[in-house]
Amino acid sequence: MKGNYVIGVDGGNSKTDYFLFHLDGTFVDHIRSGTCSHEQFKDSYAEAYRVMNEQITLLLSRNGLSMEDVATGAFGLAGADIPVQKRNLNEVVERIGFTSYALDNDSFLGIKVGSEKGYGICSINGSGVCTGGISPTGQRLQVGGVGSELSGDEGGGFYLTRRVIRAIYDSFYRLAPETSMTEPAMKLIGASGKENFMDHALEQLVTRKLPFTDLVTLLFESAENGDPVASVIVEHSARQLAYSTVGCISHLDFDEQPVDIVMAGSVWVKAASPIMRDRYKQFVLELTERACHFILLQEPPAAGAVIWALELAHGGGPLSAELRKKIIDALQ
């Protein structure tokens, strides 16, 4: 091990957190920037390299350090879903200068920070969705994360917003039932009538100006107030995310102890309404028929990257409770 510092990176589809810590768990520095996901760039992995290298170089240089001072790194990255993506991202990380590191989908970070055991399931429900699991023996499995059509990723702000738009459009032109979401949604996107509703929605979707958070909030409030169309959407998504969670549990070698299920991402954590969370938990318990411990992740997921990097630097085993607390407290 060549240095006294570690770097933890949490790279999502909209933002990236880069953290620099000392081996003793002392916080040194932090940079937050835009996405580093190759899936968001025209130049794919080349641009991902440029962005990550630029930010990591800045993080180190402004503290008088270089890659020679870095012992290990850990990267939880959106878009690290299949082997070819992980191979290409490994090449990016190694080109930056890391020789000892861990890299995987960002869903695994929630487990590292949310579960004191260091293993369990993480259900991410943010802009998109993904499920990751780590078993007591260290086996890892990702379920989903590659699209609603292919792997049942039927949740997250992007998906739920499209379902709201679709439900309203269907009520206008496709013989579907009316919904109380129509008028508030039209106001949110600035549509004056059904004739220009989809025009406004598509334009804002393409330009990324669609009010995703407000439309998801409207969906949950409408479901709570008994709107049948909204209730069907919420029920469907909660069930789909539960299928991914229980499928992940059943394919890993968990023991008989209660399984920690960490719920992370803006839709799980920041939604004022508990309606989708409650339905998800109910479905999970019905499907798995075993004890589960649900943890709504309040700590920054990026803490999981720092914990993972320090685990590598300290030999690969779980960190002490004191060291975990030191890291989490520093990032709160």
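Residues numbered from 1 in each chain as written. Predicted model: local features only at pLDDT ≥ 70, side-chain atom pairs only at ≥ 80, totals over all residues. Heavy atoms only, no water.

Looking at an unreviewed UniProt entry, one finds the chain named N-acetylglucosamine kinase, with Paenibacillus paeoniae as its source organism.

**Observations concerning the packing of helix 1 (residues 44-61) against helix 2 (residues 83-96)**
Helix-helix packing is described using two parameters, namely the angle between the two axes and the distance between the axes. Rules: Angles here are taken between N-to-C directions and fall from 0 to 180 degrees, while the axes themselves are lines fitted to C-alpha atoms, restricted in helices to the stretch in contact. Labels follow the DSSP assignment, with helices taken as runs of H or I lasting at least four residues and strands as runs of E lasting at least two, numbered in each case from the N terminus. Note on convention: the crossing is left-handed when the near helix lies turned anticlockwise from the far helix by less than a right angle, right-handed when the turn is clockwise. Here a residue-residue contact requires only that any non-hydrogen atoms of the pair lie within 4.5 Å. Residue polarity is assigned by list, with Asp, Glu, Lys and Arg as charged and Ala, Val, Leu, Ile, Met, Phe, Trp, Tyr, Cys and Pro as nonpolar; anything else, Gly included, falls into the polar class.
Put simply, helix 1 and helix 2 touch, their axes get as near as 10 Å, and they point 40 degrees apart. You can see that helix 1 and helix 2 cross each other, and the crossing is right-handed. Of helix 2, the residues touching helix 1 (which contributes Tyr45, Ala48, Tyr49, Met52, Asn53 and Ile56) are Val84, Gln85, Asn88, Leu89, Val92, Arg95 and Ile96. When its residues are assigned to classes, the contact of helix 1 with helix 2 shows nine nonpolar, three polar and one charged.

**Let's talk about the sheet that holds strand 8 (residues 140-143)**
Worth spelling out the cut-off: We call two strands paired when DSSP finds no fewer than two bridges between them.
Across the sheet, which stays open at both edges, the five strands sit in the order 8-7-6-9-10 with mixed pairing between neighbours. Here the strands that pair on one side only, and so sit at the sheet edges, are strand 8 and strand 10 (292-296). On average, each strand axis in the sheet is tilted by 15 degrees relative to the strand beside it, whichever way the strands run. Summarising the sheet, strand 9 (residues 259-264) and strand 10 pair through five bridges and their orientation is parallel. Bridge pairing links aspartate 260 to histidine 293 in strand 10.

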